[in-house]
Amino acid sequence: METRVNTKSGKLLTVYDDLCPVSLINDIFFQLRSQEYPLVPSNDTVLQDFKGVSGFGKNVDVEFIRSILDNIKSPESFTLKRIVNRGKIEKSWINLFNRDNSTNRYHADAHTNDSSYLSLLYYANSKWDLEWDGGTVFRTDDLSEVEYLSDYKPGRIILFDSSIPHKIYSSSYNAHPYRFTVNTLIQIDPSYLKTQVL
């Protein structure tokens, strides 16, 4: 299922649910949880005040996200795959946030107002209860209003303009101790996006 969010800023934000089969979600989660992760400051962000984001994470081969998309057979994934294949994947990385020890601040994945970059965010835990919180909040450029609040749903993919400020909101105390996401930065011609039905 594809949900287009009409942001106040007019920037792209599309949510894809139920594209990934459960077996794929489980396979990806198993791969991610069996790796080692260093503590990283600001692995993936452009921060205006440079105070940083800290959590665990690491860069991964850009083919990792392509392999995820290649294994999605749902017809609803056509637009998403077309955009990713048209663009150039700059980098892909895994974020691992521990509910007790990670911090996060509002950040953009690319420079503000640079609409030539999209971010693809994949929620990688195979199980996550709604009561555990840990979703992502997207705000206006000046941070004064919430544009969209995404619950953390296993297998959810969010494609958004990389200049949109966002951050995770903390997981509840009874949540799984580790929250995984895979984020990918895609460079794309903004004029191409305007010609697409998104």
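Before any of the text, the structure's been laid out above.
The notes below deal with the structure included here.

### As for the packing of aromatic side chains
The full count for this structure, using the stated rule, is six aromatic pairs. Plain terms: the ring middles of Trp128 and Trp132 are 5.2 Å apart, the flat faces sit at 85° to each other, and that makes the pair edge-to-face. For the pair Trp128 and Trp132, one class covers both residues: buried. Plain terms: the ring middles of Phe138 and Tyr148 are 6.4 Å apart, the flat faces sit at 35° to each other, and that makes the pair tilted. You can see Phe138 sitting in strand 7 (residues 136-139) and its partner Tyr148 sitting in strand 8 (residues 146-150), a full ten residues away along the chain. Across the pair, Tyr148 and Phe138 agree in class, each one buried. Three or more aromatic residues joined by ring pairs make a cluster, and in this case those are Tyr123, Trp128, Trp132 and Tyr152. Its guanidinium or amino end placed over the ring of Trp93, Lys91 lies 4.9 Å from that ring's centre, counting from NZ or CZ.

### Things to note about the side chain of Arg156
Structurally, the position occupied by Arg156 is in the loop between strand 8 and strand 9 (157-161). Here the side chain of Arg156 touches Ser150 through a polar contact of 3.1 Å, side chain to side chain. Arg156 has contacts with Val15, Tyr16, Asp17, Leu121, Tyr122, Tyr123, Tyr148, Ser150 and Asp151, leaving out every residue within four places of it along the chain.

What counts, and at which threshold
- Position numbers for residues start from 1 in each chain and track the written sequence from start to end.
- Where totals are concerned, whole chains, interfaces and linings use all residues; where local detail is concerned, this predicted model gives features only for residues with pLDDT of at least 70, and gives and counts side-chain atom pairs only at 80 or more.
- With hydrogens and water set aside, each side-chain value is computed from the structure's full complement of heavy atoms.
- Two rings belonging to Phe, Tyr or Trp (six-membered ring only in the last case) form a pair when the distance between their centres is within 6.5 Å. Interplanar angles under 30 degrees mark stacking, angles over 60 mark edge-to-face geometry, and anything in between is tilted.
- Under the scheme applied here, a residue whose accessible area is under 20% of the maximum for its type counts as buried, over 50% as exposed, and between as partly exposed, the area being computed with a 1.4 Å probe on protein chains only.
- Secondary structure follows DSSP: runs of H or I at least 4 residues long count as helices, runs of E at least 2 residues long count as strands, and numbering of each begins at the N terminus.
- Only when the NZ of Lys or the CZ of Arg is both within 6 Å of the ring centre and within 35 degrees of the ring normal is a charge said to sit over the ring.
- Two N or O atoms form a polar contact when they lie within 3.5 Å of each other; inside protein one atom must be a possible hydrogen donor and the other a possible acceptor, and for residues adjacent in sequence the pair counts only when both atoms belong to side chains.
- Any two residues whose heavy atoms approach within 4.5 Å at even a single point are treated as in contact.

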